[in-house]
Amino acid sequence: MKKSMKIILIAAACAVLVAGVVSAGYFGYVATHMINAPDLASDEVRYIAHRGLSSEFYENTEAAFRAAAQSDFFFGIETDIYRTADGKYVCAHDNAAFEDASLEISSLTLDECLSLPLAYSEDYGMSGSDERLCTFETYLSVCRDGGKTAVIEFKPDFSEQTIREILAIAANYLDKDKIIVISFSSSNIENLASIDDGTAYMYLGTSRASAEFFARRNCPVGINADKATRMFVRRMHALGVTVNVWNVVDKAQAEELVGFGVDFVTTDFDFSKM
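First things first, this report covers the structure right here in the doc. (Residues numbered from 1 in each chain as written. Predicted model: local features only at pLDDT ≥ 70, side-chain atom pairs only at ≥ 80, totals over all residues. Heavy atoms only, no water.)

Details of the pattern of salt bridges
The cut-off we apply is this: Salt bridges are counted wherever a side-chain nitrogen of Lys or Arg sits within 4 Å of a carboxyl oxygen of Asp or Glu. Think of it in three bands: residues with accessible area under 20% of the maximum for their type are buried, residues over 50% are exposed, and the middle band is partly exposed, with areas taken using a 1.4 Å probe on protein chains only. Strands are runs of DSSP state E lasting at least 2 residues, helices are runs of H or I lasting at least 4, and numbering of each runs from the N terminus.
Tallying each qualifying case throughout the model produces 12 salt bridges. Across the salt bridge formed by Lys155 and Glu153, the nearest N and O atoms sit 3.0 Å from each other. The class for Lys155 is partly exposed, based on a relative accessible area of 27%. With a closest N to O distance of 2.7 Å, Glu212 and Arg235 form a salt bridge. You can see Glu212 sitting in helix α7 (residues 208-215) and its partner Arg235 sitting in helix α8 (residues 230-238), a full 23 residues away along the chain.

Here you go:
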């Protein structure tokens, strides 16, 4: 056997060995770190209003939430929350949500946050000059009064104590079966699993691989609609978890994803009007 061929065979054997070790470590970790999140299965596809009805009203505002709450189309209303400097919570997609981009929610009191005009919204060309932040409590009351599930995204990494505080506030307005927490942060998911108080939660994957890692640990997952495939949805269901897709931009795309078997569709649009 030529020396070059021996080198190739040795390299291939080493690659197989390394892959085996990595695979064993991956599945070993999964097996010993199961999450077992509350089940979100249903016979129906559930539509979630992304930041409220944000295609028609400025995102994450009371007006956007109320419009979504008035529509029978939506099962739930999604928002993102941030903590103010004085320990209150407001709904906003970004920490720097204001017309003055140098200001951040986490550095301001609640009263200061509520007094400031919001940034221009690029998505739908909406001015924020006359818009103001919505408090977390107002959002929760809109969900309660409209009979909607609150789908609360934790954008920052929150401590376990802070998460307990947020869940306690939500529980003042809604029953646990009307609350779902979602997050891209593995730290937030681990804290929710540790708290284990019956509140439903979902990991948002940046890729199919990251979503599958949490699905294997028995945690519902979400993924950007452009990464969702029929095979991926089937794989997640085979692992026993539900699948949410977001950034669904039109009715045709929604129908295709429903055909894939997704469980939740998160969108800026009320397709019942189309």
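With respect to helix α6 (residues 186-195)
What counts is decided by this rule: In this description, one arc is meant: the one made by directions from the helix axis to the C-beta atoms. Should any heavy atoms of two residues lie within 4.5 Å, those residues are considered in contact.
Turning to α6, its buried residues are Asn188, Ile189, Asn191, Leu192 and Ile195. Projected onto a plane normal to the axis of α6, the buried residues spread over an arc of 160° and lie on a single side. The elements touched by buried residues of α6 are β5 (149-154), α5 (160-171), β6 (179-183), β7 (200-205) and α7. Just beyond α6, the residue with positive phi is Asp196, at close to 50°.

Topic: the environment of Glu160
As for its placement among the helices and strands, Glu160 is situated in helix α5. Taking the relative accessible area as the measure of exposure, Glu160 reaches 28% and is therefore partly exposed. The sequence separation of Glu160 and Glu190 amounts to 30 residues, and the corresponding C-alpha distance is 9.1 Å. Every residue in contact with Glu160, bar those within four places of it in the chain, is listed here: Asn191, Ser194 and Ile195.

Notes on the pairing of β5
Looking along a regular strand, one sees side chains alternate from face to face of the sheet. The criterion, for reference: Paired strands are those between which DSSP finds at least two bridges. A crossover gets the label right-handed when its path from the first strand over the helix to the second runs clockwise, viewed with the strands pointing away from the viewer.
For β5, the buried fraction is high: 6 of the 6 residues fall into the buried class. Alternating residues of β5 divide into Thr149, Val151 and Glu153 and Ala150, Ile152 and Phe154, and every residue in both groups is buried. In terms of strand pairing, strand β2 (residues 76-83) meets β5 through 6 bridges, oriented parallel. Its bridge partner being in β5, Ile77 is matched across the sheet by Ala150. Relative to β6, β5 runs parallel, the two sharing 4 bridges. Residue pairing in the sheet places Glu153 in a bridge with Ile182 of β6. You can see the chain leave β5, run along α5 and come back into β6, and the turn it takes is right-handed.

Remarks on the nonpolar core
Definition in use: Buried Ala, Val, Leu, Ile, Met, Phe, Trp, Tyr and Cys residues that are joined via side-chain atoms within 4.5 Å together make up what is termed a nonpolar core.
Core analysis: the biggest nonpolar cluster contains 60 residues, and Ile81, Phe136, Tyr139, Leu140, Ile152 and Val245 have the highest contact counts within it. Formed by 14 residues, the second largest nonpolar core is a distinct cluster that contains Tyr82, Val90, Met126 and Leu133.

What about the packing of aromatic side chains?
The cut-off we apply is this: Centres within 6.5 Å make a pair out of two Phe, Tyr or Trp rings, where for Trp the six-membered ring is used; the pair is then stacked when the planes are under 30 degrees apart, edge-to-face when over 60, and tilted otherwise. Think of it as a cone above the ring: NZ of Lys or CZ of Arg counts as a charge over the ring if it is within 6 Å of the ring centre and within 35 degrees of the ring normal.
As enumerated under the stated definition, the model contains 16 aromatic pairs in all. Put simply, the rings of Tyr26, Phe27, Tyr29, Tyr203, Phe213 and Phe214 touch in pairs and so form one group of aromatic residues. If you follow Arg46 out to its NZ or CZ, it ends over the ring of Phe75, 5.8 Å from the centre.

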